[in-house]
Each structure stands twice: as structure tokens, then as C-alpha cells.
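Examination of the molecular architecture
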Amino acid sequence: MPRRLSRSFITTPSFTGASVRIVEVGARDGLQNEKTVIPLATKLELLNKLSKTGLTHIEAGSFVSPKWVPQMANTGSILEVLEQERRAQGQDGDGITYSYLVPNIKGLETMLGVKGTAAKGNEIAIFASASEEFSIKNLNCGIEESLRRFRPVVESALEHGLQIRGYVSMVISCPYSGPTSPQAVGDVVERLLEMGCYEVSLGDTNGVGTPGTVGKLLRHLVQERGIKPERLAAHFHDTYGQAIVNSLVALEHGIRTFDSSVGGLGGCPYSKGATGNVATEDLVYFLEGTGVKTGVDLEAVARIGEWISKVLGRGNGSRVGRALAGSKGLI
Ligand SMILES: CC(C)(COP(=O)([O-])OP(=O)([O-])OC[C@H]1O[C@@H](n2cnc3c(N)ncnc32)[C@H](O)[C@@H]1OP(=O)([O-])[O-])[C@@H](O)C(=O)NCCC(=O)NCCSC(=O)C[C@@](C)(O)CC(=O)[O-]
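The model shown is predicted, which means the values in this text are computed figures rather than measured ones.

Right, let's get into the overall build of the protein chain. Helices and strands together make up the secondary structure of the protein chain, namely 13 helices and ten strands. Taking the principal axes of its C-alpha atoms as reference, the protein chain extends roughly 70 × 50 × 35 Å. Going through the 331 residues of the protein chain one by one, you find that 55% of them count as buried. Across the protein chain, every contact between residues at least 6 apart in sequence was considered, and the portion connecting residues at least 24 apart equals 77%. Surface exposure of the protein chain reaches about 14200 Å², of which carbon and sulfur atoms provide 53%.

And the structure:
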């Protein structure tokens, strides 16, 4: 007799009528790992194209040390240009929230020092880890110290009217320390929420999660700890090709915010072998096909995925993007 499968894997609930928010991270998580310096004009063109696809939340860069991540060194110029455009468009600009990673108070001060930066339409993201070893590799300090450093960043950002998003990396397993316990993830998530983050994005940084491990993590966070799924986001890398099925598991647990990257761009500079985030095209195709509204124009994003992949001289990391390019030409 074959063993019976657990109910959630064989009976997918109907999501018809549900809607999600997609956080497009291609211009930050996607580009940060590229070896050759990408011109400012290319980054701005990418952001400009993405802003016309129905996406409402776009990560535009990082105010991190240029010695650590040289590719993000021109983030101040990106913010300045986007702010100029916002002023030219009127008070509300294009209605999109642009998000910037900030690792410490120096990063926040640099961001606030950019001419014309307004709280409206901008937010910051702080990023911690559930793995002590990865925290040291990524931030040059352990988890406790990173949280201690984030506190004044959060306080100052809130005083300036900026909203704060949180990240936790290595939520499933870490290349330096092995499997991550759901308890370790839950502890950091709760600390970030208590500190003032409006949501915490769960980073399967090296894309090793499966429905089994992701389900176990989400059961712990949502059912056992009682963390509201509205305060969580899924940030799945697609290294092992599991990101879409893991997104279904996240949907089943009530998560309605998903991070993704156009063309599946990306990798993490401090996680060897990690490939890109789940491609925005693949995510939109999956969600819309499952009855979940994204508000995102699939063909428009697929066109951008083809364009940026050609500009960067890499293969298009989106299967849906490649299929659409094959059947419709796109560009
Ligand atoms: C946190 C630090 C700065 C500590 O790095 P550190 O070397 O310990 O920093 P420090 O305070 O000793 O300063 C060293 C130098 O950096 C400068 N510095 C210091 N801070 C800044 C700053 N904000 N902006 C610009 N410059 C800065 C500082 O001024 C000094 O310059 P010097 O005096 O030598 O000329 C460094 O480790 C760092 O920048 N790390 C960021 C690494 C990163 O960006 N990783 C990728 C993003 S995380 C990720 O991708 C995962 C995620 C979010 O996507 C989710 C997932 O998938 O899991």
C-alpha cells in the first residue's frame, strides 16, 4: 500500500480572487553579483522599463560599502534621478515604492543625504541572517551585533517617515553551517518585527528549499509561533528549480507578498553557487494561472527579461520568458 500524501500536497485550494504584491528585486539582488560594472544609464533604463509593467514595489539598490559590493556603488545617483523624475511627475510620482538596502547608520545617512530624498515612495530594507556564519560573511558581524546595529537605523528611518522592510537570509540551510532550524529563523523574524519592520522577507538565499522544508518552516512561523502571514514575504532563489512549487506552499500558508527578479537575474556575492531569484515572469505566469491576481503585465516583463539578458550577455534565466520569446518574438 503506498503511503497517503498529506492533504495540502494533493488538494490545492482555490486561490481564485486572491491577489498578491510582487517585490521586483532584479535591479538590486539581480545585479549586485554581476562582475562587470553596469553603467548607471543601464540600471536607470531597467528601472524605468520595470516601472511601466504594473509592478508597485521595486528594489532599486543598496547603500552598502562599495568595497564589499562595488556593483551597488552608484545607488545614490539612482535615488537622485528617481527623485527628480518623481518631482517632475508631481507629488505622487509614478505611485511605485522604491526600496533600498541599508546595512548600518552610515548607509542610512548617505541615503538621507541624497538631494531631494523624500519619505514618500521610498523605503529601506535591513537584512539579517538566521545563520551566524553567513551573517559574518555578509555583514562582518554576528546576528546579535547586526540586530544591535539595525536598531538606530530603524529608529532614525522611522523618525524620517521611512518604512522599513526586513530580510532574513539562509532560512532553510546555509552553505557554511548546514541546515537552519525554523526556531532560529523565527527568533530573528520576531526581533525584526518588534524593532519596527512592517514585514519580513524570508530568504532561501541559496535556493535549496523544497515543499518539505519550506512547509516545515512556515508551519513553525505561522501555526506554532502565530506570526501573521501578512507580515511575511517569500524570497525564493531558484538554484534547485524549486522556487515555484515553494511559492505554492507559501500561498497555502497565507503569504501574499513574493520577491522575484526579472529574467531570473541574480545570485548572492556571499553565497557561492547561489543563482538568481525566481524569475518574475515565471512567478506571474504561475500565479495568474492559479487564479491569483498580480497586476503585472506578463509580456511587458518578459520583454524586459529578454532585453536585460542580452545587455548583460547572459542567457535568459526565465523559462516562461524563453517560451514567450520563442513563440511571440517579444524583441
Ligand atoms: C555592513 C558592512 C558595511 C560592514 O563592513 P565593515 O568592513 O565591517 O565596515 P566598517 O564599518 O569597518 O567600514 C569599512 C569601510 O566601509 C565603509 N562603509 C561602511 N558602511 C558603509 C556604507 N553603508 N556605505 C558606504 N561605505 C560604508 C567605511 O566608511 C569604511 O571605509 P574606509 O574608512 O575603509 O574607506 C559591509 O559588510 C557591507 O556593506 N555588507 C553588505 C553586503 C551586501 O550588500 N550583501 C548583499 C545583500 S544581502 C542579500 O543579498 C540577501 C538578500 C537580502 O537578498 C536576501 C536573501 O536572498 O537571503
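Moving on: the site of the ligand. Inspection of the region around the ligand gives 26 residues, with Lys67, Asn138, Asn140, Ser169 and Thr205 positioned closest. Between an oxygen atom of the ligand and a side-chain N or O atom of aspartate 29, the distance comes to 3.1 Å. Elements supplying a minimum of two residues to the shell around the ligand: helix 2 (26-30), helix 5 (105-113), helix 6 (132-139) and strand 5 (163-169). Among the residues making up the shell around the ligand, the classes are represented as eleven nonpolar, eleven polar and four charged.

Most of strand 5 sits inside the fold, with six of its seven residues counted as buried. Of the pairings in the sheet, the one linking strand 4 (residues 122-129) to strand 5 comprises seven bridges and is parallel in character. Residue pairing for strand 5: isoleucine 124 is matched across the bridge by isoleucine 164. Here strand 5 pairs with strand 8 (residues 199-204) via four bridges, running parallel. Looking at strand 8, one finds that glycine 166 is bridged to valine 200.

Scanning the model with the defined rule gives 15 salt bridges in all. Note that glutamate 83 and arginine 86 form a salt bridge whose closest N and O atoms lie 3.2 Å from each other. Taken together, the positions of glutamate 83 and arginine 86, both in helix 4 (residues 75-89) and three residues apart, correspond to about one turn of that helix. The pair formed by glutamate 83 and arginine 86 is uniform in burial state, with each residue classed as buried. Residues arginine 165 and glutamate 199 are paired through a salt bridge, measuring 2.7 Å at the closest nitrogen-oxygen approach. Note that arginine 165 is positioned in strand 5 and glutamate 199 in strand 8, a separation of 34 residues in sequence. On the basis of relative accessibility, which here comes to 1%, the residue arginine 165 falls in the buried class. Glutamate 199 sits in the buried class, given a relative accessible area of 2%. Through salt bridges with shared partners, one network takes in Arg21, Arg165, Glu199 and Asp259.

Before going further, it helps to spend a moment on helix 5. Inspection of helix 5 places Gly107, Leu108 and Met111 among the buried residues, and these make up the whole buried set. Along helix 5, the residues classed as buried sweep out an arc of 95° about the axis, all on the same side. The outward face of helix 5, more than 90 degrees from its buried face, is lined by the exposed residues Lys106, Glu109 and Gly113. On its buried face, helix 5 sits against helix 4, strand 3 (97-101), strand 4 and helix 7 (143-159).

Attention shifts here to the packing of helix 12 (residues 298-312) against helix 13 (residues 319-328). Following both chains from N to C, one finds helix 12 and helix 13 inclined at 95°, their axes separated by 9 Å at the closest point. On the basis of the axis angle, helix 12 is roughly perpendicular to helix 13. Across the interface between the two elements, Leu298, Glu299, Ala302 and Glu306 from helix 12 touch Val320, Gly321, Leu324, Ala325 and Lys328 from helix 13. Looking at the contact of helix 12 with helix 13 residue by residue, the classes come out as five nonpolar, one polar and three charged.

Turning our eyes to something else, we now look at the sheet that holds strand 2 (residues 57-62). Each strand in a sheet pairs with another by means of backbone hydrogen bonds, the pair being arranged parallel or else antiparallel. Read around the closed barrel, the eight strands follow the order 1-2-3-4-5-8-9-10; overall the barrel is parallel. Mean inter-strand twist for the sheet, computed between neighbouring axes without regard to direction, equals 25°. Strand direction decides the pairing type here: strand 1 (residues 21-24) and strand 10 (residues 257-260), joined by four bridges, are parallel. Counted as the bridge partner of glutamate 24 is serine 260 from strand 10. Those strands touched by helix 8 (residues 182-195) are strand 4, strand 5, strand 8 and strand 9 (232-236), and its axis lies near 150° from that of strand 8.

The subject of this paragraph is the state of the cysteines. Scanning all chains against the criterion turns up zero disulfides. As a non-bridged cysteine, cysteine 141 has cysteine 174 as the owner of its nearest cysteine sulfur, 15 Å distant.

Each value, and the rule that gives it
- Residues numbered from 1 in each chain as written.
- Predicted model: local features only at pLDDT ≥ 70, side-chain atom pairs only at ≥ 80, totals over all residues.
- Heavy atoms only, no water.
- Helix = DSSP H or I, 4+ residues; strand = E, 2+ residues; numbered from the N terminus.
- Buried < 20%, exposed > 50% of the residue type's maximum accessible area, 1.4 Å probe, protein only.
- Contact = heavy atoms within 4.5 Å.
- Areas by Shrake-Rupley, 256 points an atom, 1.4 Å probe, with all protein chains shown as cover.
- Near = heavy atom within 4 Å.
- Polar contact = N/O pair within 3.5 Å; in protein donor to acceptor, adjacent residues only side chain to side chain.
- Nonpolar A, V, L, I, M, F, W, Y, C, P; charged D, E, K, R; others polar.
- Pairing = 2+ DSSP bridges.
- Salt bridge = Lys/Arg side-chain N within 4 Å of Asp/Glu carboxyl O.
- Arc of directions from axis to C-beta.
- Axes fitted to C-alpha atoms, helices over the stretch in contact; angles between N-to-C directions.
- Parallel < 35°, antiparallel > 145°, perpendicular 65-115°, else oblique.
- Disulfide = S-S within 2.5 Å.

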